[in-house]
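What follows is the residue order along each chain.
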Amino acid sequence: MATMSPVTVSAPTARIPLEHRNTPFVRIARWWSRRRYGAMLEPLLATMHNRKVLTSMGLLELTVPRWSSLDPDVRDLAELAVSAQIGCSWCIDFGYFLSHNRGMDRAKLEGLADWRASDAYSPLERQVLGFAEAMTTTPPTVTDEMVEGLRASLTDEQLVELTAMIALENLRSRTNAALGLTSQGFKDHCEVPSA
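Quick caveat, the model's predicted, so the values are computed rather than measured.

Just checking my understanding: could you explain helix H4 (residues 72-86) for this structure?
Given 3.6 residues per helical turn, the α-helix brings residues three or four places apart onto the same face. A rise of 1.5 Å per residue sets the reference length of H4, with its 15 residues, at 21 Å; its end C-alpha atoms lie 21 Å apart and thus fit the reference within 8%. For H4, the complete set of buried residues consists of Val74, Arg75, Asp76, Leu77, Ala78, Glu79, Leu80, Ala81, Val82 and Ser83. Buried positions along H4 lie against helix H5 (89-101), helix H6 (106-110), helix H7 (123-136) and helix H9 (156-178). Of the residues trailing H4, glycine 87 is marked for its positive phi of about 90°.

How should I be thinking about the nonpolar core in this particular structure?
Generally speaking, nonpolar side chains in soluble globular proteins are found buried as a group. Counting 23 residues, the largest nonpolar core has Leu129, Phe131, Leu150, Leu162 and Ile166 as the members making the most contacts within it. Contributing elements (two or more residues each) for this core: H4, H7 and H9. If one sorts the elements of this core by residue count, H4 sits on top with 6 residues. Not counting chain neighbours up to four residues away, the residues in contact with leucine 150 comprise Leu124, Gln127, Val128, Phe131, Leu159 and Leu162.

Before we go on, may I ask you to explain the side chain of arginine 75 in this structure?
For arginine 75, the position within the fold is in helix H4. Since its relative accessible area comes to 14%, arginine 75 is described here as buried. In this structure arginine 75 touches Trp67, Leu70, Arg102 and Met165, once residues within four positions along its chain are discounted.

In this structure, what is going on with the packing of helix H8 (residues 144-151) against H9? I would like to understand it.
Helix-helix packing is characterised by the crossing angle of the two axes and by the distance between the axes. With their axes 9 Å apart at the nearest point, H8 and H9 run at an angle of 125° to one another. In terms of orientation, H8 and H9 fall into the oblique class. Here Val147, Leu150 and Arg151 of H8 lie close against H9, whose contacting residues are Asp156, Leu159 and Leu162. In the contact of H8 with H9, the residues fall into 4 nonpolar, no polar and 2 charged.

I keep staring at the environment of threonine 141 and nothing clicks. Help me out?
Residue placement: threonine 141 occurs in the loop between H7 and H8. For threonine 141, a relative accessible area of 41% puts it in the partly exposed group. For threonine 141 and aspartate 93, which are 48 residues apart along the polypeptide, the C-alpha to C-alpha distance reads 26 Å. Here threonine 141 is in contact with Ala134 and Met146, once residues within four sequence places are set aside.

Thresholds applied
Residues numbered from 1 in each chain as written. Predicted model: local features only at pLDDT ≥ 70, side-chain atom pairs only at ≥ 80, totals over all residues. Heavy atoms only, no water. Helix = DSSP H or I, 4+ residues; strand = E, 2+ residues; numbered from the N terminus. Expected span 1.5 Å × (residues − 1). Buried < 20%, exposed > 50% of the residue type's maximum accessible area, 1.4 Å probe, protein only. Contact = heavy atoms within 4.5 Å. Core = buried A, V, L, I, M, F, W, Y, C linked by side-chain atoms within 4.5 Å. Axes fitted to C-alpha atoms, helices over the stretch in contact; angles between N-to-C directions. Parallel < 35°, antiparallel > 145°, perpendicular 65-115°, else oblique. Nonpolar A, V, L, I, M, F, W, Y, C, P; charged D, E, K, R; others polar.

Here it is as C-alpha cells:
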C-alpha cells in the first residue's frame with residue numbers, strides 16, 4: 001500500500017479521452033484507486049472505454065500479487081528495465097513510486113539508466129536486468145546462456161514468474177505508451193522533504 005499520495009497530473013498527450021460519465025462503476029473505480037494509490041490511475045481511465053479489456057486486465061492484475069516466489073526487488077527492477085526500454089514514462093513514474101515505498105535502495109532506482117556501470121546491483125540483479133532488456137527487444141534476443149545463468153540462481157518456478165512479469169510489463173508499458181499516457185507525478189512524492 002502506498003504511503004504518500006501523488007497529485008493527479010492530467011496527461012496532455014493522452015490519445016484517448018480520460019473523462020467518463022459519473023456512473024456508479026466509475027465512482028467505485030475512483031474510490032478504489034484513490035484509496036489504494038492516492039490518485040485515479042490514468043491507465044484505468046483509459047481501459048474503462050472497453051469493459052471486457054478492463055475486466056480481463058483487472059483480473060490478471062488482481063492475481064499478480066499472489067506471484068510471490070521472486071524477491072520483490074528483483075521483480076521491480078525487471079519491470080522498471082522494461083518500462084525504461086519501451087519509454088513508458090507513466091510506468092517508470094509509477095514503478096519508481098511503488099518500489100520506493102516498498103523500500104528499494106534508492107541507488108538501485110537512480111542507477112537504472114546506466115545499470116551496467118553502476119555498482120549498486122548484485123550479479124543476479126544484473127542478469128535479471130539484461131534478461132528483461134533481451135525479452136523486450138523486438139525481436140527478443142534472449143539466449144540459452146542467459147537462461148542458464150538465471151537458472152543457476154533461480155528455481156524454475158522463479159524463472160517462470162520472472163519471465164511472466166517481464167511479459168506483463170511489456171503489455172502494460174506498450175499499452176500505456178501507445179495510448180499516450182505520461183507520468184502522473186507519483187515519483188515526486190518519493191522525495192525526502194527538506195528540513
